[in-house]
Amino acid sequence: MPKPDAVTDLLNRSKAILETMVDGVITINNKGLIDTVNPAAERIFGYQSRELLGRNVSMLMPSPYREEHDGYIHNYLTTGTKKVIDIGREVRGQRKNGDIFPMELAVSEMLIKGERMFTGIVRDISERKDTEEKLREAMRRVHEQRIKDEFISTVSHELRTPLTSIKASLDILKSGALTNDPEKSGTLIDIAQKNSERLLLLINDILDISKIESEKMQYRITRIPLRSFLETAISDNRVYGDKYQVRYVLGECPDHLTIDVDPDRMMQVMSNLLSNAAKFSPLNTEVYVSAEETEHGVRIVVKDQGKGIPEEFQPHIFEKFTQADSSNQRAIGGTGLGLHISKAIVEHHEGELSFNSSVKNGTEFYIDLRKKDRTGAYNVTP
Amino acid sequence: MSHHESLERVLYIEDEEDIRIVADIALKTIGGLDTRCCASGPEGLAALETFPAQLILLDVMMPGMDGPSVLSEIRNNEQYQNTPVVFITAKVQADEVDQLLSLGANAVISKPFEPMDMAQKLRDIWEDFHRA
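Residues numbered from 1 in each chain as written. Chains lettered and ligands numbered in written order. Predicted model: local features only at pLDDT ≥ 70, side-chain atom pairs only at ≥ 80, totals over all residues. Heavy atoms only, no water.

**Q** How should the pairing of strand β5 (residues 115-124) of chain A be read in this particular structure?
**A** Consecutive residues of a regular strand have side chains that alternate between opposite faces of the sheet. All names here are of chain A. Taken together, the 6 bridges between strand β1 (residues 24-29) and β5 define a ladder with antiparallel strand orientation. Bridge assignment links isoleucine 28 to a residue of β5, and that residue is phenylalanine 118. Relative to β5, strand β4 (residues 100-112) runs antiparallel, the two sharing 10 bridges. Residue methionine 103 lies in a different strand from β5, and its bridge partner there is aspartate 124. Between β4 and β5, which pair antiparallel one after the other, the connecting turn spans 2 residues, and lysine 113 there sits at a positive phi close to 50°. (Pairing = 2+ DSSP bridges. Helix = DSSP H or I, 4+ residues; strand = E, 2+ residues; numbered from the N terminus.)

Following this line, the structure appears as structure tokens:
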């Protein structure tokens, strides 16, 4: 048996430890009623100890944990299933002023005079969480800034490329160095003109991206017959197909199908898909356009007979400037923005733009538009 | 002062056809250089076997094999490992230029370039290379 002095000394030491601890210590009985609290627990939760003793510990928890707490204890006492006992975990506490804060809680069980009691050690981690959140926010900003910088750098590069041909052609022509060479002069005029058009396309695409990202793109949705829409898409893009010696063919498309779309914007998507298909098709092949009714709406298909999209490139196909990514590699032709814009346009119509591609079967792009509701606007008229 | 031959033969590797055409006029017709233009890295590397270029002008962003990869191949080629290589690029921000120089290029020319001065610029780079 320790001597009375030693017992007093031990008690004093234990009390001093509890009273000076940074972490809160709360003991509760098997009914969840608070038996003791140390000063740190008072400070963390904003209560005086007299406001806590004998009250249910659930008062220190926010909903829905507050309502569920008695059930936890009951469940443990009857089944032995542990949720927090002997397991440290991150939970939420509620201060007297109503503030909810993150805390680490470690609960242990003990027997005092044959009664089961529980000790909870509480650590307020608001400050740490706040710092972590600020760090995450700062990293997110850095990431966004880097994406923005990369975009500006790529835009600058893409604008400078046609500008190089235009400026050099005009500089040479202006110098008079080719006055006696009408053939070369003609070539330079053609180059300047062709690249001016390319520059214009690029600027239009960049403006579209800017409108999409700031959600300022205007859509005028009207109901149009699908078959005639596809016929128009084919005839509007025929010149492009001719350039690559590819023929656009309209396949199956039930006459009764209609779609509710912005015709100009959806035509922009079709032009992009048709021009891509032509660019990546072998000479003298056909690109098939068709449409079918699906369970949820309508699917437009553009199918080429090309070599397919390289597998490693497929996950990036809808990204901006995918043709001019950081790997310094670029496919020939196009602004590298078309599919990104097309996807955004289709998604604005609550549709989906997807593809299936293989070396053997070429590439199929799908525009899936779905019925909007049962009564009003349909993307499909049955 | 070192004695060296003057710059006469330039190999230009560039995937943009229109830029190849204007550069060819700028270097050959206007600048009087014997110029060989190639549309890709592999084509350019193959051309080096028959065209003894004294200086190589190299685009950075090209499909398939990009400019830095071509430079690396050139540096591994015993015959051309010391040949001056000049990057020509539309990536013109200071850090991008520094990065290209750090790869071992002798100079970087930005796009758009000055077609009337281009050959002279390459001759200056050639002289600097021999002075260094």
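**Q** In this structure, what is going on with the domain arrangement of chain A? I would like to understand it.
**A** For an interface, size is often stated in terms of accessible area lost upon the parts coming together. Residue and element names in this part refer to chain A. Assigned domains within chain A: domain 1 (4-124), domain 2 (130-213) and domain 3 (222-370). Centre-to-centre, using C-alpha coordinates, domain 2 lies 25 Å away from domain 3. In this complex, domain 2 contributes 15 residues to the contact, which on the side of domain 3 involves 12 residues. Joining domain 2 to domain 3, the criterion identifies 2 salt bridges. In this structure, arginine 265 engages aspartate 208 in a salt bridge whose closest nitrogen and oxygen atoms are separated by 3.8 Å. Linking domain 2 with domain 3 are 2 residue pairs in polar contact (both at pLDDT 80 or more). Looking at the side of domain 2 that touches domain 3, the elements that each hand over two or more residues are α5 (126-175) and α6 (182-213). No other element matches α6, which puts 10 residues into the side of domain 2 that touches domain 3. Of the residues belonging to the side of domain 2 that touches domain 3, the class tally is 7 nonpolar, 2 polar and 6 charged. (Domains from an automatic or database assignment. Contact = heavy atoms within 4.5 Å. Salt bridge = Lys/Arg side-chain N within 4 Å of Asp/Glu carboxyl O. Polar contact = N/O pair within 3.5 Å; in protein donor to acceptor, adjacent residues only side chain to side chain. Nonpolar A, V, L, I, M, F, W, Y, C, P; charged D, E, K, R; others polar.)

**Q** Mind showing me how you'd approach the pairing of strand β2 (residues 34-37) of chain A here?
**A** Residues and elements named next belong to chain A. Here 3 bridges tie β1 to β2, and the two strands are oriented antiparallel to one another. Bridging from a neighbouring strand, threonine 27 pairs with threonine 36 of β2. Two successive antiparallel strands, β1 and β2, enclose a turn made up of 4 residues, where glycine 32 displays a positive phi of approximately 85°.

**Q** I keep staring at the side chain of B:Asp18 and nothing clicks. Help me out?
**A** Positionally, B:Asp18 belongs in helix α1 (residues 17-30). Separated by 3.2 Å, the side chains of B:Asp18 and A:Lys194 make a polar contact. Separated by 2.8 Å, the side chains of B:Asp18 and A:Asn195 make a polar contact. For B:Asp18, the contacting residues outside a window of four places in its chain are A:Ser165, A:Ile191, A:Lys194 and A:Asn195.

**Q** What is the right way to look at the interface of chain B and chain A in this model?
**A** Each partner contributes to the interface: chain B provides 29 residues, whereas chain A provides 32 residues. Interface area, chain B with chain A, both sides summed: about 2500 Å², of which 61% is carbon and sulfur. When the buried area of chain B at its contact with chain A is split by residue, B:Asp18, B:Met61 and B:Pro112 rank highest and sum to 24% of it. Counting across the interface, chain B meets chain A through 3 salt bridges. A:Arg198 is the partner of B:Glu16 in a salt bridge, and the nearest nitrogen-oxygen pair spans 2.8 Å. Within the side of chain B that touches chain A, the residues separate by chemical class into 17 nonpolar, 3 polar and 9 charged. (Buried area = accessible area lost by both parts, 1.4 Å probe.)

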